[in-house]
Amino acid sequence: MNARSRPWLRALLPVLAASALVLGAVAAGAAPDRLSSVHASRAASTVRQAAVAACNPKASSLRPSGPPLVTPGSFMARIRARGFLIAGVDQSTYHFGFYNPLDGQIEGFDIDMIRAVAQAIFGNPNKVEYKAISDAQRIPDVSSGAVDIVAHTMTITCARLQQIDFSSVYFDAAQRVLVLKNSTARSLAALAGQKVCATTGSDSLAVIAKNGAIPVAVPYWTDCLVLLQQGDVAAISTDDSILAGLAAQDPWTMLVGPRLTDEPYGLAISKQHPDFVTFVNAVLEQLRTDGQWAASYAHWIGHPVPAPPQAHYVD
Amino acid sequence: MTSSVGVSPGPVTRTPAVRRAWQLSRLDTATTPGRLWLLLVGLVALCLAWGVLAALTAEQHASAAADVVAVSEPLSLDAEQIYQSLSDADATAASAFLSGGLEPAADRQRYNADITQAAIRIEAAGALLGSSAARTQLPGQLNQHASTAGSATGDDLAILSAGLPVYTDEVGTARADNRLGLPLGAAYLRKASALLRGTLLPAASDIYTKENGLLTSASAQATGLPLIVIAVVIGLALGYLLYRSSRWLTRRSHRRVNYGLLVAAVAFAVSLVWLAGAFAIGRAELLHAQQHGSVPAEAYARADVAALQAHADESLTLIDNSGDDSYQQDFIAQQKLLGPGPGTLLAAVEASAGNGPAAADAQAWYRAHAVLRALDDSGNHAAAVHSALAGEAAARFARLSADLSNGINADQAVFASNARGGRDAFTGLAVGMIVASLIMVAGCAWGLTRRLAEYR
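A brief look at the structure comes next. Everything numeric in this text was worked out from a predicted model, so none of it was measured.

As a further point, take the environment of B:Leu77. Residue and element names in this part refer to chain B. Looking at the element boundaries, Leu 77 is found in helix H2 (residues 32-98). Leu 77 gets classed as buried once you count the C-beta atoms within 10 Å, which come to 22. Between the alpha carbons of Leu 77 and Arg 121 there is a distance of 8.9 Å; along the sequence they are 44 residues apart.

Helix-helix packing: each pair is described by the crossing angle between the helix axes and the interaxial distance. Residues and elements named next belong to chain B. Where helix H5 (residues 184-223) contacts helix H7 (residues 259-320), the two axes come as close as 13 Å, and the packing angle between them is 170°. For the element pair H5 / H7, the angle class is roughly antiparallel. Touching Ala 186, Leu 189, Ser 193, Ser 219, Ala 222 and Thr 223 of H5 are Gly 282, Arg 283, Leu 286, Leu 287, Gln 290, Ala 312, Leu 316, Ile 319 and Asp 320, all from H7.

A few words on the interface of chain B and chain A. Many authors give the size of an interface as the accessible area that is lost as the parts come together. Facing the 17 residues of chain B at the interface are 24 residues of chain A. Here the residues of the side of chain B that touches chain A are counted per class, giving seven nonpolar, eight polar and two charged.

Once that is clear, we can look at the sheet that holds strand S6 (residues 149-151) of chain A. Residue and element names in this part refer to chain A. The sheet built from five strands is open, its strands ordered S5-S1-S6-S15-S7 with mixed pairing. The open sheet has two free edges, formed respectively by strand S5 (128-132) and strand S7 (165-166), since each of these has just one partner strand. The pairing of S6 with strand S15 (residues 268-269) spans two bridges and is classified as antiparallel. When the bridges of S15 are listed, Ile 149 appears paired with Ile 269.

Moving on: the environment of B:Ala362. Its place among the elements puts B:Ala362 in helix H10 (residues 358-377). Every residue in contact with B:Ala362, bar those within four places of it in the chain, is listed here: B:Leu338, B:Pro340, B:Leu346 and B:Leu400.

All names here are of chain B. Contact pair helix H9 (residues 345-353) / H10: the axes reach a minimum separation of 10 Å and the direction vectors enclose 160°. Taken together, the axes of H9 and H10 are roughly antiparallel relative to one another. You can see that H9 and H10 cross each other, and the crossing is right-handed. Listed contacts from H10 to Leu 346, Val 349 and Glu 350 of H9 are Ala 358, Ala 359 and Ala 362. Tallied by class, residues from the contact of H9 with H10 come to five nonpolar, no polar and one charged.

Conventions we followed
Residues numbered from 1 in each chain as written. Chains lettered and ligands numbered in written order. Predicted model: local features only at pLDDT ≥ 70, side-chain atom pairs only at ≥ 80, totals over all residues. Helix = DSSP H or I, 4+ residues; strand = E, 2+ residues; numbered from the N terminus. Buried ≥ 20, exposed ≤ 12 C-beta atoms within 10 Å, placed from the backbone. Axes fitted to C-alpha atoms, helices over the stretch in contact; angles between N-to-C directions. Parallel < 35°, antiparallel > 145°, perpendicular 65-115°, else oblique. Contact = placed C-beta atoms within 7 Å. Nonpolar A, V, L, I, M, F, W, Y, C, P; charged D, E, K, R; others polar. Pairing = 2+ DSSP bridges. Left-handed = near helix turned anticlockwise from the far one by under 90°.

Printed below as a string of structure tokens:
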């Protein structure tokens, strides 16, 4: 039995959250350290609801309570019993999640995050079943349980937080502009009146339009690069992470302009599994401190390697 | 031109018998020589008219039949070949791409052969279109139809010749990027495939439809009844007239046989039987060519194209593999189109060509495809790719494809031999009609002047 199958309970949750907030304020001195795991999970869920009310995408996730441990009865224990983690990933975003035809593997920075989670559950990073999913499928697949986790250059937003949970921020992206090296444009504003490409349904389209350029929508980011190479668009504008992957496929392009937006990436997890959210956050904490995050960054995105994004939690 | 021997009725130019007959007839058309003279003139004129009518009829059917064989059919075959070659190139390029950077040599050769074939056929259709402007033998209406269809077809050919290099360029870029392991390659392949399906195939299909319409009207012209019926009716009237003339002469001259008229009658009978017989044989051959040749071949070709497109969809879904299922949706659409089942392309094949293994093989492929999709959807991409390239799905598709291309080849051979048979039935017919009518004229003239000579 869960909240999903009880609409009345879902409706009641914000009320519960509000009262929990009041209770929390009253009993500010009482430390909830010694609560059982079940109680901790309940408390976390109510605290999270409070976070949605006062949404901060960069501090929306649940604080881990130590190193990642597969506790009996947890969602991680069920994954371990199944034998593999099911991850929804992108397979066409170069250097984040892409199918490498040379070795037949899906690889990238996003995939490294998933491999670390599999390593923490199984002691083996390869125990993952990858499902290549589209942008539009990310939330439905997480919600329905078709996948355990999604690593798909996915920005944590308040709207999405209403439907699913996210891990702490594992990558800080920002919308920028990719142009050919012979272009004189150095910002999106300089491209006013010209065609600028982004994928259908992406938030980047609105930013392009807001800056006076003509948005051109195509299904995939690589389609944008085809249009840029063929001279059908003047630029591509979206998250710098994606643009870097495109630039890596065409050395005659370059990233220009200031950060137009803030795109904190998180791993998406169902609201049914707060225990898994804290587990994944614990894995991410390890990656930030033991140098794996920096190694992945250096391997896929390149130097200079910045400091990993600081984890901020809802509490 | 002052005076000429032919025009001048001077007595020097005429034989005594003719002169006498001329004088007699001028004197009195109510007398027997006068009537004989009239009969002679009438019969000669009618025999010549018959010759002209029969020769024209023969010429029209012969040229329409020749048109079916020589112009329309090669052109619609070209259009069909362009369509098939391009569809095959699409499917082969996708399959080769799926194999990775080191694409199999066989795939590469097949793709190159497809492109070469398409280019040759586009050029051939263009050349044929140029010569078809000189199709003056076609009757007015059909000729007009042919020339408007010709110019529209020319536009489509222009689209094809302009689009083909763009397509091969994009496939080449896709291949180069794929070799480097860049996801950009898949984007170029999708773009190439979209160009092929969105622009090139509709143009080829357009040519095929128009030229097939032209083939049908040329065939209808060759097998149409009106002209031949008129010719035969007039011929039978002439025959009756010859018979009555001969009876009249027999009564008047008390001679049982007029050999001149007999020769004319025999020549006439031969020409009439030849004309009707050639028409009957030619018509039967052309109709057979259509019903057992071009109709089933077209049904097979349409089924083949749907199968090829679905095969390309299978590969493109695996290449795309980004959760977007538009190619899989197209596969399902093509599968519905192909059948088997009522109203499908395979049902049309069975209706025109009889039951073959294609329906069962198509279903076997669909089952293999379903297994492949299940593998891919459960994360076993490598096994799905193996099935598509060298496993069950590949083998099943190869069988279906072989069924369909065998069907096309067999039925096209039936068409070609019957259509040629139909055309050959008209060989020499027009000349024969003219010769027969001249013999008839000579026979009439000889027979009647001999009677006239008796009245000198």
